[in-house]
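Residues per chain are reported as follows:
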Amino acid sequence: MAELSDIKNATIRAEVEEFVTRPEEIARNVALFTRAHERMQAIAAGIIDGDDDLVDKLTAEALKAGHEALEIMDDGLIAGMGVVGIKFRENFIFVPEVLACARAMKAGMGHIEPILSASGVDPIATVIMGTVKGDLHDIGKNLCIMMLRGSGFEVIDLGVDTSADAFIDAIETHGAPIIGMSALLTTTMPNMGKTIEAIIDAGLREQVLVMVGGAPVTQEFADDMGADGYGKDALACVSLAKQLIEAKRRNAPA
Amino acid sequence: MGTAPIKSMTSRQRVLAALRREPVDRTPVCNPTSVATVELMDLVDAHFPDANRNPVLMAKLAATGYTELGFDTIMPVFSIIQESSALGCKMQWEQKDNWPTVRMREPIWTDVDDIKVPKDFMKHPDIVCVLDAIKLLRREFGDEVAIVGKTMGPWTLGYHCFGVEPFLLLSLDDPGKTMLALERMKEITYLFGLAQIEAGADALTLPDHATGDLVSAEYYKRFLQDMHTEFAERFPAPLILHICGRTVDRMGYIADTGMAAFHFDSKNKPQESMETVHGKISLVGNINNPETLFSKGPEEVRAEVEANLAAGVQMVGPECAIPLQTPIENLTEISRTVRDWHHAHPHVH
Ligand code: B12
Ligand SMILES: [Zn+2]
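Conventions we followed
Residues numbered from 1 in each chain as written. Chains lettered and ligands numbered in written order. Predicted model: local features only at pLDDT ≥ 70, side-chain atom pairs only at ≥ 80, totals over all residues. Heavy atoms only, no water. 1 Å grid on protein atoms, 1.4 Å probe; cavity = no way out; pocket = protein on both sides within 12 Å on 5 of 7 lines; lining within 4 Å. Points joined across faces, edges and corners; volume = space filled by probe spheres on them. Helix = DSSP H or I, 4+ residues; strand = E, 2+ residues; numbered from the N terminus. Nonpolar A, V, L, I, M, F, W, Y, C, P; charged D, E, K, R; others polar. Domains from an automatic or database assignment. Contact = heavy atoms within 4.5 Å. Buried area = accessible area lost by both parts, 1.4 Å probe. Polar contact = N/O pair within 3.5 Å; in protein donor to acceptor, adjacent residues only side chain to side chain. Salt bridge = Lys/Arg side-chain N within 4 Å of Asp/Glu carboxyl O. Buried < 20%, exposed > 50% of the residue type's maximum accessible area, 1.4 Å probe, protein only.

Enquirer: When you look at the layout of surface pockets in this model, what are you seeing that I'm missing?
Expert: Here the idea is plain: a probe the size of a water molecule rolls over the atoms and shows the empty space left. Here the second largest pocket is characterised by a volume of approximately 910 Å³. In terms of lining, the second largest pocket is formed by 32 residues, of which the most central are K106, M109, E113, I145 and R149 of chain A. Among the elements of the structure, α5 (69-89), α6 (95-118), α7 (139-149) and β2 (154-157) of chain A together with α7 (164-173) of chain B are those that each provide at least two residues to the lining of the second largest pocket. Among the elements that make up the lining of the second largest pocket, the one with the highest residue count is α6 of chain A (ten residues). For the lining of the second largest pocket, a count of residues per class yields 16 nonpolar, six polar and ten charged. Counting contributing residues, the lining of the second largest pocket receives three or more from each of domain 1 (4-119) and domain 2 (126-251) of chain A.

Enquirer: What is the right way to read the interface of chain A and chain B from this model?
Expert: Interface size is commonly expressed as the accessible area that is lost once the parts come together. On the chain B side, the residues contacting the 20 residues of chain A number 30 residues. In total, about 2,100 Å² of surface goes out of reach between chain A and chain B, with carbon and sulfur atoms giving 63% of it. Our count for the contact surface shared by chain A and chain B stands at seven residue pairs in polar contact (both at pLDDT 80 or more). Mapped onto the side of chain A that touches chain B, the elements with two or more residues apiece are α6 and α7 of chain A. Ranked by residue count, the leading element in the side of chain A that touches chain B is α6 of chain A, at six residues. Here the side of chain A that touches chain B is composed, by residue class, of nine nonpolar, six polar and five charged.

Enquirer: Sorry if this is basic, but what is going on with the environment of F78 of chain B here?
Expert: Residues and elements named next belong to chain B. Within the secondary structure layout, F78 lies in the loop between β1 (73-74) and α4 (82-87). For the pair F78 and L136, spaced 58 residues apart in the sequence, the C-alpha separation amounts to 16 Å. Those residues in contact with F78, other than ones at most four positions away along the chain, are T33, S34, A36, F48, A51, N52, M58, L61, A62, W99 and K150.

Enquirer: Just checking my understanding: could you explain the pattern of salt bridges for this structure?
Expert: Two side chains of opposite charge can pair, provided their charged atoms sit close to one another. Residue and element names in this part refer to chain B. Counted according to the given criterion, the structure contains 39 salt bridges over all chains. Note that R105 and E165 form a salt bridge whose closest N and O atoms lie 3.5 Å from each other. Linking R105 in the loop between β3 (101-102) and α5 (125-141) with E165 in helix α7, this pair joins segments that are 60 residues apart in sequence. Classification of R105 by relative accessible area gives partly exposed; the value is 44%. Between E183 and K186 there is a salt bridge; the shortest N-O distance is 2.6 Å.

Okay, here's the thing in structure tokens:
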């Protein structure tokens, strides 16, 4: 079995050693980074450092050297973002640092996206995200979006103060299988339930899965209002989206 | 703790004493952010959004904190956007059941050189409204109750005027420029704050959201500690710093600023917080809003109030602006519990 010390890139090795503490996450990261090409490790390290110029340069070089766009995305960009998400969840880094990592991710994706779309590689799924009506808190929602994008989802961001109608329009326009709603105010939390009702009234509930989150939201509240899932933080948002989409595909008639 | 019985105080005396960490007849109850609720709006027929823009309605709604809830302070500024509106930010005034906000996605400034205070800033209706409301309240209540004003700190003004994400990225990319931006924006904090003191405010709340949910404690130290110290020195009235969210990791720095008080959130334990600030600053708080005041009942409110009193927190109240749908009975329970507790503990001042 691969060991931490087998990771070639010194930055990655140190980052995983210092900041990743949950056994299953250590195992996953060690397996990933010992398997990943050294160039990919360097890209991931650039993401973790929030260095957009470096990621921009390394991504272009890796493509030139013949690496597949998908490999760069999965083993470089997404792998780096995974460590960033863990560091943020554990309070080792804060929002400004995460924003810088996301900017670096964007720099890398600038090279990757055109290739992926030209070659017809599909994103895992499209997710529609928005902060509900009356609420302008969007920092947490934006972090979720970064992590979703950083994990291979396509995200339509409806921004803040999103009406039920805007969610419905977006579901119809994009045919997205998942929507995510964020609320930070107790005064606006009920708007999640109202949006779900409006989706039911619009006859779209069957085709879309609903996830909710935001500091005051709880699993219980999510269940009460009939959401399909609740996520506590940005990493949970990503695993929830994956779980929901897998379940949906499994249950879909062949 | 004193042994000599303390003469009964007015609400105003009680609050001012607690801000100086002097003996009080009982712990004052206050909310340095906002006590507005929909129920209170209905009661006195002063509703959002008008109560944020019309001084008579603003004063009327604010007074309910004292007359209906039994708090020892009156806070007329329910939102955090009066000065941002006067600076020209895009506003969303909302309805009766929600707070007004700034559209931070459409920022008005992108660079330090954009920072300009409009000439008629102090004459803007949303500034004048607060000043007039304070004057009205002072006239009506005299020396009975403490009237607290509110002036936003430069960090939060940065969120409003630059947008949260651009401002936070700037802080990482160019700390020097960020400092300069804060230096310039702090003059806005002064202008509005001083005018409120002249209008009759006894103290000022100064919200400045450098919270552990967003930035590190190091950040607070690097960017804000000195500036907050300067505020404490320059303002001729006691200041109450408000930062909601996790802050215990920076309370030591906050305690050293010389501010009179810190309004803290329920994400921080009362006892641990008291130990961290070491008697260098008064603490105000920290009843949980969303889970307790909004969703639970008087019994749970009572338990949180008692935990604060037992820890020696100098002023008790909600952790931040209370949710607008909070039931009144949960709010009156705060003052009731404080009175009962002091009856049961007559020697604790
Ligand atoms: C920063 C902040 C602000 C900023 C917002 C900037 C912005 N563009 O977002 C400013 C200063 C402008 C602001 C304004 C106000 N705020 Co405010 N604010 C906060 C604060 C301090 C931090 C919120 C935050 O960004 N946290 C960091 C992020 C990363 O965490 P997060 O949002 O929870 O997101 C994570 C998870 O929840 C999850 N998640 C989030 N969304 C989703 C969605 C899905 C689908 C999933 C799966 C997961 C998920 O993943 C995220 C990443 O890990 C909180 C206090 C606190 N500690 O929560 C108060 C707080 C949210 N604010 C509060 C209040 C009262 C206000 C105001 C009304 C103040 C006033 N008097 O005017 C206004 C209202 C504005 C409005 N109408 O929306 C109260 C709300 C009380 C309540 N529950 O009703 C809080 C809780 C403070 C308190 N203790 O009372 N605020
Ligand atoms: Zn607050």
